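One letter stands for each residue in the lines below.
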Amino acid sequence: MRQRKGMSRILIVEDEQAIAELEKDYLELSGFEVVMENNGTAGLKRALAEEFELIILDLMLPGMDGFEVCKKIRAVKDIPILMVSAKKDDIDKIRGLGLGADDYITKPFSASELVARVKAHLARYERLTGSNTNRNTVIEIRGLKIDKTARRVFLNGEEKIFTTKEFDLLTFLAENPNHVYSKEELFREIWNMESLGDIATVTVHIKKIREKIEVNTAKPQYIETIWGVGYRFKM
Ligand code: CA
């Protein structure tokens, strides 16, 4: 089981020094340990080399932009990524690209908003990565294996790459089989209430999960659609 050791470490990748310093100050005041990088290339390198509990990633960065950095981090790590953008338009772009960012925040934002989001994501991530030691860490159903500790998914022995939310959603459904959940319930459960987004996100994620674990997505063996109600994991 994952244990919290001391302070949570947060990586800020931000090229605007003043903003980075401000974020750092407020997060440190809230008890976090903060590390900063001011360009995409260095940020990515640091994110991959060291252990962080959360990453705050600016979109427009020299070296490598936030889109690319997010994609590359997400390919190997499932820690929460909070993307920061100066433009509202970018948020749609981030969502559309399905980079696996967990949340988005638009500049200018207040320090309290940032701290609240960070805390909420850490709490959620900690909960989902299993502070409950009584639960099984591996779920196995008809060739599908979900390793909750390693946060990895295998289908008939072959690993499938899942984003954070896809993993959380699949795990939640698999841990509560034969129960029909509405999209609203799933959105509330898996996505942070403070996150931007809407229940259509749930549909998109279910589709992506099915593409990874179903032989025939039109006839799903694991996650069934209950028309007009929601979804159910078939045990
Ligand atoms: Ca920037």
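Below, the structure is looked at part by part. (Residues numbered from 1 in each chain as written. Predicted model: local features only at pLDDT ≥ 70, side-chain atom pairs only at ≥ 80, totals over all residues. Heavy atoms only, no water.)

With that settled, consider the pairing of strand β4 (residues 81–85). Counting buried positions along β4 gives five out of five residues, so the element sits mostly inside the fold. Where burial is concerned, the two faces of β4 agree: the one with Ile81, Met83 and Ser85 and the one with Leu82 and Val84 are both buried. The pairing of β4 with strand β5 (residues 103–106) spans four bridges and is parallel. Each bridged residue has a counterpart across the sheet, and for Met83 the counterpart in β5 is Tyr104. (Buried < 20%, exposed > 50% of the residue type's maximum accessible area, 1.4 Å probe, protein only. Helix = DSSP H or I, 4+ residues; strand = E, 2+ residues; numbered from the N terminus. Pairing = 2+ DSSP bridges.)

In this section: the sheet that holds strand β10 (residues 180–181). Across the sheet, which stays open at both edges, the three strands sit in the order β10-β12-β11 with antiparallel pairing between neighbours. On the outer flanks of this sheet lie β10 and β11 (223–226), each paired with one strand and no other. Where β10 lies against strand β12 (residues 230–233), two bridges are found, and the strand directions are antiparallel. Bridge pairing links Tyr181 to Tyr231 in β12. In the packing of helix α6 (residues 164–175) onto the sheet, contacts are made with β10, β11 and β12, and the angle to β12 comes to roughly 65°. Against the sheet, helix α8 (residues 200–213) contacts β11 and β12, and its axis sits at roughly 140° relative to β11. (Contact = heavy atoms within 4.5 Å. Axes fitted to C-alpha atoms, helices over the stretch in contact; angles between N-to-C directions.)

In this section: the packing of helix α1 (residues 17–29) against helix α5 (residues 111–128). The geometry of a pair of packed helices is captured by two quantities: the angle between their axes and the separation between those axes. Two elements in contact, α1 and α5, have axes whose closest approach is 10 Å; the angle formed by their N-to-C orientations is 60°. The pairing of α1 with α5 is recorded here as oblique in orientation. In terms of crossing hand, the pair formed by α1 and α5 is right-handed. On the side of α1, the interface is formed by Glu23, Tyr26 and Leu27, while α5 contributes Ala111, Leu114, Val115 and Val118. Of the residues in the contact of α1 with α5, the class split is six nonpolar, no polar and one charged. (Parallel < 35°, antiparallel > 145°, perpendicular 65-115°, else oblique. Left-handed = near helix turned anticlockwise from the far one by under 90°. Nonpolar A, V, L, I, M, F, W, Y, C, P; charged D, E, K, R; others polar.)

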